[in-house]
Amino acid sequence: MQVVPNQLVELHVDSPAGMRIYRTRVEDAYDDLVIVGAPLEKGAVVPIRLGTELKIEFKLTGPDKEGRFSTTAIVEKRFRTSIPLLQLRLLGEWQKTQERMFVRVPVHLDAVVVPLQEGGEELPPQTALILNLSGGGFLLRSDHPFQIDDEVRISFRIGSEQIVSTAYVVRFVPGETGQDYGFAFLDIPEAMRKAIIQFVFKRQIELAELTREALS
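Note that this is a predicted model, so its numbers are computed, not measured. (Residues numbered from 1 in each chain as written. Predicted model: local features only at pLDDT ≥ 70, side-chain atom pairs only at ≥ 80, totals over all residues. Heavy atoms only, no water.)

(A) A look at the overall build of the protein chain. Looking only at helices and strands, one finds one helix and 15 strands in the protein chain. Taken along the three principal axes of its C-alpha coordinates, the protein chain extends 65 × 35 × 35 Å. With 216 residues in all, the protein chain has 40% of them scored as buried. Partitioning the intrachain contacts of the protein chain with sequence separation of at least 6 by distance along the chain shows that 52% fall at a separation of at least 24. A total accessible area of about 12,700 Å² is found for the protein chain, and carbon and sulfur atoms account for 52% of it. Between the centroid of the 25 positive side chains of the protein chain and the centroid of its 30 negative side chains there is a distance of 4 Å. (Helix = DSSP H or I, 4+ residues; strand = E, 2+ residues; numbered from the N terminus. Buried < 20%, exposed > 50% of the residue type's maximum accessible area, 1.4 Å probe, protein only. Contact = heavy atoms within 4.5 Å. Areas by Shrake-Rupley, 256 points an atom, 1.4 Å probe, with all protein chains shown as cover. Lys, Arg positive; Asp, Glu negative; His and termini not counted. Charge placed at Lys NZ, Arg CZ, Asp CG, Glu CD.)

See below:
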């Protein structure tokens, strides 16, 4: 197993605020070395120290190999070129990991999304509608013409909880009036994910009760 140039990868990095996930792109790879673009946050290079151990993860969707693969790596060098780069040395073999499965429930939640561009630039905020929700992502109805892997910052409320996270497009879903977008959360605090999971659980109970009443 070997990553190739232009492969999108996630870097999972521990921080004082908890686990952070950064998406970047492979620039080169050979043997146990992988060169990736230094991740950006709000247009600035994320300061990942030399010697930092992290998890590198990517997803394949081809017909011959499909799944999510990960391994640990150490940040070995930084290159201050026109495109800042990190050299990662892999510490183990690539392992296929189980996709986290979350229960998804139908909802109608107003949301505000901010499309993010490369370099951290932001487009104007716009309103959208969340059609279903899980601890792993959501289905969004929006007038914005998203493409696969496009990133957004999204904000919405469930009960008394305000959820704010980044997410990226993983699939297109035919909708009633065109095309909806399946998103996966990218960098969501675990406390917010737990709040979503609790909300989904309560919503499941509500829907089950409504079904029973309709059948009685």
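There's plenty left to go through after this.
(B) Focus on the packing of aromatic side chains. Applying the stated rule across the entire model yields seven aromatic pairs. Note on Phe58 and Trp94: the rings are 4.9 Å apart at their centroids and 85° apart in plane angle, and the pair reads as edge-to-face. Here Phe58, found in strand 6 (residues 53-61), pairs with Trp94, found in the loop between strand 8 (85-90) and strand 9 (95-97); they are 36 residues apart in sequence, far enough to count as distant. Accessibility classification places Phe58 together with Trp94 in one group, the buried group. Among the aromatic residues, those joined into a ring-pair cluster are Phe138, Phe146, Phe172, Tyr181, Phe183 and Phe185. Taking NZ or CZ as reference, Arg23 lies 3.9 Å from the ring centre of Tyr168, over its face. (Phe/Tyr/Trp six-rings, centres within 6.5 Å; stacked < 30°, edge-to-face > 60°. Lys NZ or Arg CZ within 6 Å of the ring centre and 35° of its normal.)

(C) How the structure looks around the side chain of Thr71. Tracing the sequence through the fold places Thr71 in strand 7 (residues 66-79). Polar side-chain contacts of Thr71 include one of 3.1 Å to the backbone oxygen of Gly92. For Thr71, the side chain forms a polar contact with the main-chain oxygen of Glu93, separated by 3.2 Å. (Polar contact = N/O pair within 3.5 Å; in protein donor to acceptor, adjacent residues only side chain to side chain.)

(D) Structural context of the sheet that holds strand 11 (residues 126-133). Taking strand neighbours around the barrel as the criterion, the six strands line up as 10-11-12-15-14-13 in a closed arrangement whose pairing is antiparallel. Here the average twist between neighbouring strands, direction ignored, is 45°. Pairing of strand 14 (residues 161-175) with strand 15 (residues 178-185), which is carried by eight bridges, proceeds in the antiparallel orientation. Within strand 15, the residue paired with Tyr168 across the bridge is Ala184. Strand contacts of helix 1 (residues 190-215): strand 10 (105-116), strand 11, strand 13 (151-158), strand 14 and strand 15, with the helix running at about 150° to strand 10, the strand carrying the most contacts. (Pairing = 2+ DSSP bridges. Axes fitted to C-alpha atoms, helices over the stretch in contact; angles between N-to-C directions.)

(E) Representation of the pattern of salt bridges in the model. Inspection of the entire model under this criterion finds 10 salt bridges. Asp149 is the partner of Arg23 in a salt bridge, and the nearest nitrogen-oxygen pair spans 3.0 Å. In this pair, Arg23 is assigned in strand 2 (residues 18-30) and Asp149 in the loop between strand 12 (137-141) and strand 13, connecting sequence segments 126 residues apart. Accessibility expressed as a relative area gives 31% for Asp149, which makes it partly exposed. The network of salt bridges with common partners includes Glu10, Lys55, Glu57 and Arg68. (Salt bridge = Lys/Arg side-chain N within 4 Å of Asp/Glu carboxyl O.)

(F) Here's a closer look at the pairing of strand 3 (residues 33-37). Burial runs high along strand 3: five of the five residues are buried. Side chains Leu33, Ile35 and Gly37 of strand 3 all project onto a buried face; the interleaved residues Val34 and Val36 project onto the opposite face, where all are buried too. Sheet topology places strand 2 next to strand 3; four bridges connect them, and they run antiparallel. Bridging across to strand 3, Ala29 finds its partner in Val34. Hairpin remark: strand 2 followed by strand 3, antiparallel, with two residues in the connecting loop; positive phi at Asp31, about 50°. Looking at chain direction, strand 3 and strand 8 are connected through five bridges and run antiparallel. Looking at the pairing, Gly37 lines up with Leu85 of strand 8.

(G) Representation of the nonpolar core. Core analysis: the biggest nonpolar cluster contains 26 residues, and Ile130, Leu133, Phe138, Leu140, Phe156, Phe183 and Ile196 have the highest contact counts within it. Ignoring any residue separated from it by four or fewer positions in sequence, one finds Leu133 in contact with Val103, Arg104, Val105, Val107, Leu109, Phe138, Phe156, Ile158, Phe185, Ile196, Phe199 and Val200. Core analysis: the next-biggest nonpolar cluster, separate from the first, contains 23 residues, Val9, Val36, Ile56 and Leu88 among them. (Core = buried A, V, L, I, M, F, W, Y, C linked by side-chain atoms within 4.5 Å.)

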